[in-house]
Amino acid sequence: MDRHPTEVEEAQAVQDSEADVIHNSFSWITSLNIYKGVIFFKINTIHTMPNKILETNSTVPAAKKGTGDKSTINKDEMKNAPLHKFFVSALKDIYYAENAILEALEKMQEAATTEELKDAFEDHHLQTQKHVKRLEKVFQLVDEKPEKKECKAIKGIIEEGEEVIKSTEDGSATRDVALIIAAQKVEHYEIATYGGLAQLAITMGHDKAADLLERTLQEEEDTDSHLTDIAETSINFDAEQED
């Protein structure tokens, strides 16, 4: 009587057959093409089997062009890039602004009425000195020399602050209200500038510079919040009671 193979034996035979195909196959690259920045290799594979040869073609994409490490970019190319030039120009702008703010804060501290506001201006003056030093480090990190470029925006804001000192009564709460608003206009300009610069630094791969810019951004936001607290706690109410 003929013996029929069991299901287990049939499954094992299929596995053995597949293993023979894999064991007896080999591939080689027959062509290389580039399409839209992607390299494709054409691979021919021969599977050797008893009394049969199977040939298959497959196309495999290689690494896409333009995804190399940014650190390999030539420094001259980086410096000539439009975005880098704009970034450096904006750094020079805020560098000028921070130095101008140092002088303005001294005048605002002297003109303030309450000790709380005087202390706030004094603290921010010390903080602004650190901001100037950080900017100088940022210049170094992007291989540029620290330079100032006249910032017309901050000049206008500071001139407005000087005007409110002249137009308000010495020793009044109303003057402090005006000084806080003037100071917050400065803060909002700095917040907008540092926020934009930090994101550009990240985009261009200047991670260390971005960290410094983000640290200053956070301190400017904290100062703005502190000035709001001072105004809302008492000064606004005191000014409302003045004749």
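In this text, all values refer to a predicted model and were calculated from it rather than measured experimentally. (Residues numbered from 1 in each chain as written. Predicted model: local features only at pLDDT ≥ 70, side-chain atom pairs only at ≥ 80, totals over all residues. Heavy atoms only, no water.)

Chemist: Help me understand the overall build of the chain in this model?
Modeler: When helices and strands are tallied, the chain shows seven helices and three strands. Along the chain direction, N to C, the helices and strands of the chain fall in the order α-β-β-β-α-α-α-α-α-α. In the chain, which comprises 243 residues, the share counted as buried stands at 35%. Taking as baseline every contact in the chain between residues at least 6 positions apart, the subset at least 24 positions apart corresponds to 64%. Total accessible area on the chain is roughly 15,500 Å²; 52% of this is exposed by carbon and sulfur atoms. (Helix = DSSP H or I, 4+ residues; strand = E, 2+ residues; numbered from the N terminus. Buried < 20%, exposed > 50% of the residue type's maximum accessible area, 1.4 Å probe, protein only. Contact = heavy atoms within 4.5 Å. Areas by Shrake-Rupley, 256 points an atom, 1.4 Å probe, with all protein chains shown as cover.)

Chemist: Would you mind showing me how to read the nonpolar core here?
Modeler: The tendency in soluble globular proteins is for nonpolar side chains to be buried side by side. Judged by nonpolar contacts, the single largest core of 49 residues is most densely connected at F87, L91, F121, I154, L179 and L213. At the level of elements, α3 (82-111), α4 (115-141), α5 (152-167), α6 (173-203) and α7 (207-241) are the ones that each hand at least two residues to this core. A per-element tally of this core places α3 first, with 13 residues. (Core = buried A, V, L, I, M, F, W, Y, C linked by side-chain atoms within 4.5 Å.)

Chemist: Help me out: how do you make sense of empty space enclosed by the protein in this one?
Modeler: Empty space among the atoms becomes apparent when a probe as large as a water molecule is rolled across them. Inspection of the entire model under this criterion finds one cavity of 30 Å³ or more. In this model, the largest cavity occupies a volume close to 170 Å³. Together, 19 residues line the largest cavity, and A104, L105, M108, A183 and V186 are the ones closest to its centre. Looking at the lining of the largest cavity, the elements that each hand over two or more residues are α3, α4, α5, α6 and α7. Looking at the lining of the largest cavity, its residues break down into 13 nonpolar, three polar and three charged. (1 Å grid on protein atoms, 1.4 Å probe; cavity = no way out; pocket = protein on both sides within 12 Å on 5 of 7 lines; lining within 4 Å. Points joined across faces, edges and corners; volume = space filled by probe spheres on them. Nonpolar A, V, L, I, M, F, W, Y, C, P; charged D, E, K, R; others polar.)

Chemist: Is there a simple way to explain the confidence of the model for the chain in this structure?
Modeler: Any region with low pLDDT has predicted coordinates that should not be read closely. Averaged over every residue, the pLDDT of the chain is 81; the share at 70 or more is 69%. For residues 18-72, every residue scores under 50 in pLDDT, and the model assigns this stretch 74 contacts once sequence neighbours within four places are set aside. (pLDDT = per-residue confidence, 0-100.)

Chemist: Would you take a moment to explain a negative patch on the surface for this structure?
Modeler: Together, E115, E116, D119, E122 and D123 line one region of the surface with negative charge. Within the fold, D119 resides in helix α4. Classification of D119 by relative accessible area gives partly exposed; the value is 39%. (Patch = residues over 30% accessible without salt bridge, like charges linked within 9 Å, V, L, I, M, F, W, Y side chains within 5 Å. Salt bridge = Lys/Arg side-chain N within 4 Å of Asp/Glu carboxyl O. Lys, Arg positive; Asp, Glu negative; His and termini not counted. Charge placed at Lys NZ, Arg CZ, Asp CG, Glu CD.)

Chemist: I'm lost on the side chain of H84 in this one. Help?
Modeler: Within the fold, H84 resides in helix α3. Discounting residues that sit within four places of it in the chain, H84 has contacts with M78, K79, V142, E144, M204 and H206.

Chemist: How should I be thinking about the environment of T216 in this particular structure?
Modeler: Along the chain, T216 falls in helix α7. Residue class for T216 comes out buried when judged on its relative accessible area of 1%. With 22 residues separating them in the primary sequence, T216 and Y194 have C-alpha atoms 7.3 Å apart. If near-sequence neighbours (up to four positions away) are discounted, T216 is found in contact with H131, R134 and Y194.

Chemist: I tried to follow the packing of α4 against α6 on my own but got confused; where do I start?
Modeler: Each pair of packed helices can be summarised by the angle the axes make with each other and by the distance between the axes. Where α4 contacts α6, the axes come no closer than 13 Å and their chain directions differ by 20°. As judged from the angle between their axes, α4 and α6 are roughly parallel. By crossing handedness, the relation of α4 to α6 is classed as left-handed. From α4, L117, F121, H124, H131 and L135 reach across to α6, where they touch D176, L179, I180, A183, E187, E190 and Y194. (Axes fitted to C-alpha atoms, helices over the stretch in contact; angles between N-to-C directions. Parallel < 35°, antiparallel > 145°, perpendicular 65-115°, else oblique. Left-handed = near helix turned anticlockwise from the far one by under 90°.)

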